[in-house]
Amino acid sequence: MEVNLTELEEEGFVSLGGQRSVINEEYRAIKRKLIANAFGPLSKTLKNSNIIMVSSSKPNEGKTFTAINLALSIAPEQNKTE
């Protein structure tokens, strides 16, 4: 499957081009906390600390949008293979 990053950016998703935008900054803040929990000192006390679940109680609340943006934001991180 080929992912068109330009099209995703045009649709309002996180951009991987490095430019600063509101959406990039919002997901960057969320990503930092998730990575700290998944790979920081606390992770040694948790089982499967690197698994992230996105859920909600109703349909159409943005689960897919959030999951894709988190994935796009986390993907460029280096040295996170666990």
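In case you missed it, the structure is sitting above this.
In short, a report on the structure. These numbers come from a predicted model, not from an experiment.

Procedures and definitions
- Counting of residues starts from 1 at the beginning of each chain's written sequence and follows it residue by residue.
- Note on the predicted model: pLDDT of at least 70 is required for a residue's local features to be given, and 80 or more for side-chain atom pairs to be given and counted; whole-chain, interface and lining totals, by contrast, use all residues.
- As a rule here, side-chain values cover all heavy atoms of the structure and leave hydrogens and water aside.
- The salt bridge definition used is simple: a Lys or Arg side-chain nitrogen within 4 Å of an Asp or Glu carboxyl oxygen.
- Burial classes: relative accessible area under 20% of the type maximum marks a residue as buried, over 50% as exposed, and values in between as partly exposed (1.4 Å probe, protein chains only).
- Helical segments are the DSSP runs of H or I of at least four residues, strand segments are the runs of E of at least two, and each set is numbered from the N terminus.
- To qualify as a nonpolar core, a set must consist of buried Ala, Val, Leu, Ile, Met, Phe, Trp, Tyr and Cys residues joined through side-chain atoms within 4.5 Å.
- A contact between two residues is defined here by any heavy atoms of the two lying within 4.5 Å.

Here's the deal with the pattern of salt bridges
- Under the counting rule described, the total for this entry stands at two salt bridges.
- For Glu25, the salt bridge goes to Arg20, with nearest N and O atoms at 3.4 Å.
- According to the relative accessible area criterion, Glu25 is partly exposed, its value standing at 24%.
- The exposure class of Arg20 is exposed, given its relative accessible area of 69%.
- Residue Glu25 is joined to Arg28 by a salt bridge in which the shortest nitrogen-to-oxygen separation is 3.0 Å. Taken as a pair, Glu25 and Arg28 lie in helix H2 (residues 22-39) at a separation of three residues, close to a single helical turn.
- Each of Arg20, Glu25 and Arg28 takes part in a single network of salt bridges with overlapping partners.

With respect to the nonpolar core
- Among the nonpolar cores identified, the biggest contains seven residues, and these are Leu8, Phe13, Val14, Ile23, Tyr27, Leu70 and Leu72.
- Put simply, the parts of the chain that give this core at least two residues each are H2 and helix H3 (63-74).
- When near neighbours in sequence (up to four residues on either side) are disregarded, Tyr27 contacts Val14, Phe65, Thr66, Asn69, Leu70 and Ser73.

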